Amino acid sequence: MSDGTYLQYFPNAYSDVLNHGSVTLLAGINNQYKDYKFPDDYFPGSNSASGTVSGEIVYVGFGISATELGYDDYKNIDVKGKILLMETGLPYNGNDSTLLKWEKYSYHRYKFQRAKELGAVGLLYISKIANPNTSYLEGFVYAHTSESVAEELFDGTGRKYSETNAAIKKNIQPNSFAINKKVQISASTKHFPDSRSCNVVGIIEGADSILKSEAIILGAHLDAVGSPGCLFPGALDNASGSVNILAAAKALAASGVKPARTILFIFFGGEECGLYGSTKSVESPLWTKEKVICMINLDMVGNGTGFRISNGKSFPDLLSPFADANEKYLHRDLSSSEARVNFGRPRTDAAVFDKAGYRTLSLGTTGNVKPVYYHHPLDNTDALTPEIMEDSAKLLYLGILELANNPNIGIY
Amino acid sequence: MKPKYLLLILLCFLFLKTYPQEAQNAILKTFHSISSHDLLNDAAELSSAKYGGRLSGSQVTLPPRNGWPISSNKAESNQP
Ligand SMILES: [Zn+2]
């Protein structure tokens, strides 16, 4: 960086979740009192307001008011002072130009804002996945609940949760209703609106006086989801990708054969909070974009038996060094895919680089050996298969050395 | 022919796809130095409780270390 450090800063508000809080079904005419359990039934919201809210539960489907698309989950439904039971994502599932019209409604931040402006005081967000990519809204308390909790809350309403959800998606028709049960949500958090974070950047300068002006970017997000209620270690997501890159970087630095092109290593911050780090690095590029051969991203590369190189089929010149290295030295199953236009919201750091016009590859794995605990307290080192990590680092070392040294590889 | 292409052809001779034996040996030596043991250790370090789950923006309190860029430059640290 211009300041002589290897840290690229950006704003990054966050919230500390001080304990796991509580989610309680209050006794009513249709149901008994029940304390839900952390972490089996719910996770506290990563950006929940602090405090306790209680109220009638209203199921509001996807929580979207897209009147121009003829879709409004809040039509004829009063949610003032209520606690919402809401789906993540969109009722529309295709990946085409129609999705483009829905995209802005897919953000958790949109849904929270909309719920708050209609007067809801709290939210049970269906999908028990810790997620800091949300907004902190004063007075708005929320938690993530499992689908089985949603199913249980539907008991006695004459409807089934799974069928209701499926019907909304099938018909793209809202189906919101009051559940006639009361819930209480408590959260204890502290919000830091003016914090910041950074990308950690490493560089191996190219050994060739001409080719060194061209760079290969290798990226992985270093951040995870923190400790909402207990430690969420983030071993597979994404200590795995980070350490694979670190090992490849060490090998490339120590290599008897030096890379002719420059290699940039970017350990992104802010991925889980909303792809802040990768966005920063395309908005304030560390290397002239026209001189970047490609960006290679690793996210969750530590559980499996085979390799998958996304976008590889679209860029055979980038794929072949990896395919050759695998065939010669690693002998793993290796598949690849075509680059596809993504009409939805970007979900990975690679997608941010894609959108900015870089050629990207994403190294992933196939053939999971262990269960995947995505954004979960059990995403610890037991969830990893170190053998595929070793081979990923080896694949990166050989593949990138070839990419860096082969003069026939051009900047498209 | 553009000089750029001439250069590319020239470089093709310099960087043949198969490296000379000595270089190949050097590459393989580094290749074999990559071990799953080190990788797992590094992953365990990043996953350990002292990093608090690596929530971006948050300040974890690490013991000060020489050369640690955050602690050596207070102005650069991400104080909440
Ligand atoms: Zn990830």
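As the structure is a prediction and not an experimental result, all values here were calculated from the model. (Residues numbered from 1 in each chain as written. Chains lettered and ligands numbered in written order. Predicted model: local features only at pLDDT ≥ 70, side-chain atom pairs only at ≥ 80, totals over all residues. Heavy atoms only, no water.)

Undergrad: Go over the sheet that holds strand β6 (residues 51–59) of chain A, please, and point to the residues and values.
TA: Residues and elements named next belong to chain A. Read across the sheet, eight strands follow the order β4-β3-β12-β6-β9-β10-β11-β5 without closing on themselves; strand pairing throughout is mixed. Unpaired on one side and paired on the other, β4 (34–35) and β5 (42–44) mark the two borders of the sheet. As paired strands, strand β3 (residues 22–26) and β4 are joined by two bridges and run antiparallel to one another. Residue L25 lies in a different strand from β4, and its bridge partner there is K34. Across the sheet, helix α3 (residues 147–154) is in contact with β3, β4, β6, β9 (83–87), β10 (122–126), β11 (141–145) and β12 (177–187); its angle to β12 comes to roughly 135°. (Pairing = 2+ DSSP bridges. Helix = DSSP H or I, 4+ residues; strand = E, 2+ residues; numbered from the N terminus. Contact = heavy atoms within 4.5 Å. Axes fitted to C-alpha atoms, helices over the stretch in contact; angles between N-to-C directions.)

Undergrad: Explain the coordination of the zinc ion to me, using residue names and the numbers behind them.
TA: Residues and elements named next belong to chain A. Distances from the zinc ion to its protein donors, H221 (NE2), D237 (OD), D299 (OD) and D299 (OD), fall within 2.0 to 2.7 Å. Each of the four donor atoms around the zinc ion contributes to a set of angles spanning 52 to 143°, which defines the coordination as irregular. Sequence spacing of the donors to the zinc ion: H-x15-D-x61-D. A residue pair is termed long-range when its members are at least 10 positions apart, and H221 in strand β15 (residues 215–221) and D237 in helix α5 (residues 235–254) qualify at 16 residues. The exposure class assigned to D237 is buried, which follows from its relative accessible area of 3%. (Donors = N, O, S within 2.8 Å, 3.2 Å for Na, K, Ca; no water. Tetrahedral: all angles 85-135°; square planar, octahedral: opposite > 155°, others 65-115°. Buried < 20%, exposed > 50% of the residue type's maximum accessible area, 1.4 Å probe, protein only.)

Undergrad: Account for the interface of chain B and chain A, naming residues and giving values.
TA: A common measure of how large an interface is: the accessible area buried when the components associate. Taken together, the contacts link 42 residues of chain B with 62 residues of chain A. For the pair chain B and chain A, the summed buried area comes to about 4,200 Å², and 66% of that belongs to carbon and sulfur atoms. Summed over the shared surface of chain B and chain A, the number is one salt bridge. A salt bridge links A:K250 to B:D42; its shortest N-O distance comes to 3.9 Å. Viewed at the interface, chain A and chain B are joined by 14 residue pairs in polar contact (both at pLDDT 80 or more). If you list the elements that add at least two residues to the side of chain B that touches chain A, you get α1 (3–14), α2 (21–33), α3 (36–47) and α4 (69–72) of chain B. Here the residues of the side of chain B that touches chain A sort into 23 nonpolar, 15 polar and four charged. (Buried area = accessible area lost by both parts, 1.4 Å probe. Salt bridge = Lys/Arg side-chain N within 4 Å of Asp/Glu carboxyl O. Polar contact = N/O pair within 3.5 Å; in protein donor to acceptor, adjacent residues only side chain to side chain. Nonpolar A, V, L, I, M, F, W, Y, C, P; charged D, E, K, R; others polar.)

Undergrad: Residues and numbers for the sheet that holds strand β14 (residues 196–204) of chain A, please.
TA: Residues and elements named next belong to chain A. Taking strand neighbours across the sheet as the criterion, the eight strands line up as β1-β14-β16-β15-β17-β20-β18-β19 in an open arrangement whose pairing is mixed. Each edge of the open sheet carries a strand with a single partner, namely β1 (7–11) and β19 (334–336). Sheet twist, expressed as the average angle between the axes of neighbouring strands with direction ignored, equals 20°. Sheet topology note: the strand β17 (residues 292–298)/strand β20 (residues 360–366) ladder contains four bridges and is parallel. Within β20, the position partnered with L298 by the bridge is L363.

Undergrad: Give me the side chain of B:S56: which residues, what numbers.
TA: As for its placement among the helices and strands, B:S56 is situated in the loop between α3 and α4. B:S56 gets classed as buried once you look at its relative accessible area, which sits at 3%. Other than its neighbours up to four places away in sequence, B:S56 contacts A:N12, A:Y14, A:S197, A:D223, A:A224, A:G269, A:G270 and A:C273.

Undergrad: Go over the nonpolar core with me, naming the residues and quoting the values.
TA: The nonpolar side chains of a soluble globular protein tend to be buried, and buried together. All names here are of chain A. F265, I296, L298, F322, L396 and Y397 are the most contacted members of the largest nonpolar core, which has 54 residues in total. A per-element tally of this core places helix α10 (residues 386–405) first, with eleven residues. Ignoring anything within four residues of it in the chain, the contact list for F322 reads I296, I309, L334, L361, L395, L396, G399, I400 and L403. Formed by 40 residues, the second largest nonpolar core is a distinct cluster that contains I126, A130, I179 and V183. (Core = buried A, V, L, I, M, F, W, Y, C linked by side-chain atoms within 4.5 Å.)

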